[in-house]
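Fold and geometry: a report
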Amino acid sequence: MPVYFAQNLYRYLIYGIAILTALPFHEFAHAWTANKLGDPTARWQGRMTLNPLAHLDPMGAILMLFTGIGWAKPVPINPGNFRNPKWGMAISSLAGPVSNLVLAYLSMVCWKITSIISYYSPGLFVTNLLTIFSTMVAINVGLAVFNLIPVPPLDGSRILGLVLNQRNYFAIMRYERYIMLALMLAVFVGLLDGPLGFFRSVAFNALDFLTGWIDLIWRLLV
């Protein structure tokens, strides 16, 4: 029992580290991009920061820790401040998932470099680093893929604003809460396991390819 408890505590600790990195990075990207495009609302409200306390929703963070699905406090964006509201909303919204893919890439770079180090100098510290980096890759890829689903209130829904007329777009957004509940239910019962798993696999393969230069160095060293 103590061993099982310690293993679970260790796993949740690693997940916590990954979440406290991924979620703030995601929300900061929204705020920073919106500010660059002309909307300082998030900056004025102190959201253009990597401080996790500024972004975390307690319930969303707990659910993400224990179930893998959760949320942070939405970054406030005023589309009226953008020169082109539709494009401004789409770009600032997609900045979140893109930032997680960037963080996943950097984490995979660190994981591969640490793997090389572990070959020459194995040990508990290096093993823990490998676990942290691999978890960060998984969490960030999962967060990016999930948020790119084109349904409200997820970031991918802002793409709909580019292809639908305003009337139809806002007609869909009126049901945002119900759509989100249906989406969460679909996730919990496993209806989206196949599609999400497929796109996570695509993302992992792309990251592995883009970090292939490390594998080449490794083969040359060995």
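Residues numbered from 1 in each chain as written. Predicted model: local features only at pLDDT ≥ 70, side-chain atom pairs only at ≥ 80, totals over all residues. Heavy atoms only, no water.

**Observations concerning the overall build of the protein**
The helix and strand tally for the protein stands at 10 helices and zero strands. Moving toward the C terminus, one meets the helices and strands of the protein in the order α-α-α-α-α-α-α-α-α-α. The C-alpha radius of gyration computed for the protein amounts to 19 Å, which stays within 12% of the reference 17 Å derived for 222 residues, consistent with globular compactness. Per-residue burial over the protein gives 38% buried out of 222 residues. Sequence-distant contacts in the protein: of pairs separated by 6 or more residues, those separated by 24 or more amount to 70%. About 12900 Å² of surface is accessible on the protein, with carbon and sulfur atoms providing 70% of the total. If the 14 positive side-chain charges of the protein are averaged to one point and the 8 negative ones to another, these points end up 7 Å apart. (Helix = DSSP H or I, 4+ residues; strand = E, 2+ residues; numbered from the N terminus. Rg over C-alpha atoms; globule rule 2.2 N^0.38 Å. Buried < 20%, exposed > 50% of the residue type's maximum accessible area, 1.4 Å probe, protein only. Contact = heavy atoms within 4.5 Å. Areas by Shrake-Rupley, 256 points an atom, 1.4 Å probe, with all protein chains shown as cover. Lys, Arg positive; Asp, Glu negative; His and termini not counted. Charge placed at Lys NZ, Arg CZ, Asp CG, Glu CD.)

**Some thoughts on the packing of helix α5 (residues 124-147) against helix α9 (residues 193-210)**
The N-to-C vectors of α5 and α9 enclose an angle of 125 degrees; their axes lie 10 Å apart at closest approach. One way to sum up the angle between α5 and α9 is to call them oblique. Our pair here, α5 against α9, has a crossing hand that is right-handed. When α5 is examined against α9, the residues Val137, Ala138, Val141, Gly142, Val145 and Phe146 are found in contact with a partner set consisting of Leu196, Phe199, Arg200, Ala203, Phe204 and Leu207. Looking at the contact of α5 with α9 residue by residue, the class counts come to 10 nonpolar, one polar and one charged. (Axes fitted to C-alpha atoms, helices over the stretch in contact; angles between N-to-C directions. Parallel < 35°, antiparallel > 145°, perpendicular 65-115°, else oblique. Left-handed = near helix turned anticlockwise from the far one by under 90°. Nonpolar A, V, L, I, M, F, W, Y, C, P; charged D, E, K, R; others polar.)

**Topic: the packing of aromatic side chains**
Think of a pair of aromatic rings as described by two things: how far the centres are apart, and how the planes are tilted against each other in angle. Scanning the model with the defined rule gives four aromatic pairs in all. Taking 5.2 Å as the distance between ring centres and 85 degrees as the angle between the ring planes, the aromatic pair formed by Tyr119 and Tyr120 counts as edge-to-face. Comparing Tyr119 with Tyr120 shows no difference in burial state: the two are exposed. Feature note: the residues Tyr119, Tyr120 and Trp218 constitute an aromatic cluster, connected by ring pairs. Over the face of the ring belonging to Tyr12 we find Arg11, whose NZ or CZ atom lies 4.7 Å from the ring centre. (Phe/Tyr/Trp six-rings, centres within 6.5 Å; stacked < 30°, edge-to-face > 60°. Lys NZ or Arg CZ within 6 Å of the ring centre and 35° of its normal.)

**Section: the pattern of salt bridges**
Side chains that differ in charge, positive against negative, can pair when their charged atoms come close. Per the stated rule, a full pass over the model turns up two salt bridges. The closest approach of N and O atoms between Lys112 and Asp208, which form a salt bridge, is 2.7 Å. Here Lys112 is found in helix α4 (residues 85-120), whereas its partner Asp208 is found in helix α9, with 96 residues between them in sequence. Note on Lys112: relative accessible area 5%, which makes it buried. Taken together, the shared-partner salt bridges connect Lys112, Asp208 and Asp215 into one network. (Salt bridge = Lys/Arg side-chain N within 4 Å of Asp/Glu carboxyl O.)

**A short note on the nonpolar core**
Judged by nonpolar contacts, the single largest core of 17 residues is most densely connected at Val141, Phe146, Ile149, Leu183 and Leu192. Those elements giving two or more residues to this core turn out to be α4, α5, α8 (176-188) and α9. (Core = buried A, V, L, I, M, F, W, Y, C linked by side-chain atoms within 4.5 Å.)

**Quick word on α9**
With 18 residues, α9 extends 25 Å between its outermost C-alpha atoms, agreeing within 8% with the 26 Å of an ideal straight helix rising 1.5 Å per residue. Along α9, the residues classified as buried are Leu196, Ala203 and Leu207. Along the axis of α9, the buried residues cluster in a sector spanning 40 degrees; they form a single face. Those residues of α9 that are exposed and aimed more than 90 degrees away from the buried face are Phe198, Asn205 and Phe209. Against α4 and α5 lie the buried residues of α9. (Expected span 1.5 Å × (residues − 1). Arc of directions from axis to C-beta.)

**Let's talk about the side chain of Asn147**
Tracing the chain through its elements places Asn147 in helix α5. When neighbours within four sequence positions are excluded, Asn147 is seen to be in contact with His26, Pro97, Leu154, Asp155 and Gly156.

**Some details on α8**
Residues three or four positions apart in an α-helix share a direction because the helix packs 3.6 residues into each turn. Here α8 is 13 residues long and its end C-alpha atoms lie 18 Å apart, about the 18 Å a rise of 1.5 Å per residue gives. When we look at burial in α8, the residues that qualify are Met180, Leu183, Met184, Ala186 and Val187. All buried residues of α8 project into a common sector of 160 degrees when viewed along the axis, lining one side. Away from its buried face, by an angle of more than 90 degrees, α8 presents the exposed residues Arg177, Tyr178, Leu181 and Leu185.

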